[in-house]
Amino acid sequence: MDTECLFCRIVAGEIPTTVVHETDTTIAFRDIDPKAAVHVLVIPKTHYPDIVALAADPAAAADVLAASAAVAEAEGLTADGFRVLFNTGPYAGQEVFHVHAHVLGGEPLGPMLAIR
Ligand code: AMP
Ligand code: ZN
C-alpha cells in the first residue's frame, strides 16, 4: 500500500466510499463527482499507477476488466450500453495515480471526446 495514494487508502478502509462490487483483487465504488447517471470506479486492490503498469500484470488486468463488466451488469447498463475508460497521463487529465476504470452509463453519453 502507498500511504500517499487516495485509492490505496480507500482499499484500506481509511476513506469512506459507496462500494458497489468487490472481489479478492478488486473493489468498485461510486465516483464522488459523477459525470453520468451511473459512474463507478473499478480499481485493483494492489497499487499500479496507470494502465501501462497494470497491463504488465495480465491476471490483475483481467480481474479489473471482469469486475468492470460485472459492475455494468449489476448496474443494469448492458442493454442500453455503457463506456469504460482509463485516463492515463496529463493529456487525459489523470488525477489519481492508482489505475481505475471509469464505468459510465445510465443515459446517452454523447460523443466519445469533447474535442472532436
Ligand atoms: P481521473 O481523472 O481519471 O484520475 O479520475 C479520478 C476520479 O476520482 C475523478 O472522477 C474523481 O471524481 C474521483 N474521486 C476523487 N476522490 C474520490 C473519492 N474520495 N471517492 C470517489 N471518487 C473519487
Ligand atoms: Zn494506490
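Above this text is the structure in question.
Residues numbered from 1 in each chain as written. Chains lettered and ligands numbered in written order. Predicted model: local features only at pLDDT ≥ 70, side-chain atom pairs only at ≥ 80, totals over all residues. Heavy atoms only, no water.

Caption draft 1: Broad picture of the site of ligand 1. In the region of ligand 1, 15 residues are neighbours, and Asp31, Glu95, Val96, His100 and His102 sit closest. In the environment of ligand 1, a nitrogen atom lies 3.1 Å from a nitrogen or oxygen atom belonging to the backbone of Ile32. A distance of 3.2 Å is found between an oxygen atom of ligand 1 and a backbone nitrogen or oxygen belonging to Gly93. Considered on its own, ligand 1 offers 510 Å² of accessible surface; in the complex 88% of this is hidden by protein. (Near = heavy atom within 4 Å. Polar contact = N/O pair within 3.5 Å; in protein donor to acceptor, adjacent residues only side chain to side chain. Areas by Shrake-Rupley, 256 points an atom, 1.4 Å probe, with all protein chains shown as cover.)

Caption draft 2: Quick look at the nonpolar core. Residues Val40, Val42, Leu54, Val71 and Val103 are the most contacted members of the largest nonpolar core, which totals 15 residues. Elements that contribute at least two residues to this core include exactly β3 (38–44), α3 (58–74) and β5 (101–105). Phe7, Ile10, Phe29 and Val96 belong to the second-largest nonpolar core, a separate cluster that totals nine residues. (Core = buried A, V, L, I, M, F, W, Y, C linked by side-chain atoms within 4.5 Å. Buried < 20%, exposed > 50% of the residue type's maximum accessible area, 1.4 Å probe, protein only. Helix = DSSP H or I, 4+ residues; strand = E, 2+ residues; numbered from the N terminus.)

Caption draft 3: Quick look at the pattern of salt bridges. Scanning the entire structure with this criterion turns up four salt bridges. With a shortest N-O distance of 2.9 Å, Glu14 and Arg9 are connected by a salt bridge. Glu14 sits in the partly exposed class, given a relative accessible area of 45%. By relative accessible area, Arg9 is classed as partly exposed at 32%. (Salt bridge = Lys/Arg side-chain N within 4 Å of Asp/Glu carboxyl O.)

Caption draft 4: A look at the coordination of the zinc ion (ligand 2). Protein ligation of the zinc ion (ligand 2) involves Cys5 (SG), Cys8 (SG), His47 (ND1) and His98 (ND1), the donor distances falling in the range 2.0 to 2.3 Å. Coordination geometry of the zinc ion (ligand 2): the four donor atoms subtend angles of 107 to 117° at the metal centre, consistent with an arrangement described as tetrahedral. Ordering the donors of the zinc ion (ligand 2) by residue number gives the pattern C-x2-C-x38-H-x50-H. Residue Cys5 is located in the segment before α1 (6–11), and its partner His47 is located in the loop between β3 and α2 (51–55); the two are separated by 42 residues in the primary sequence. (Donors = N, O, S within 2.8 Å, 3.2 Å for Na, K, Ca; no water. Tetrahedral: all angles 85-135°; square planar, octahedral: opposite > 155°, others 65-115°.)

Caption draft 5: Up close: the pairing of β3. Summarising burial for β3: seven of the seven residues are buried, a large majority. Neither face of β3 is exposed, since Val38, Val40, Val42 and Pro44 on one face and His39, Leu41 and Ile43 on the opposite face are all buried. One ladder, built from five bridges, connects strand β2 (residues 26–30) with β3; its direction is antiparallel. In the strand pairing of β3, Ile27 is matched with Ile43. In the sheet, β3 pairs with β5 via five bridges, with the strands oriented antiparallel. The residue of β5 that forms the bridge with His39 is Leu104. (Pairing = 2+ DSSP bridges.)

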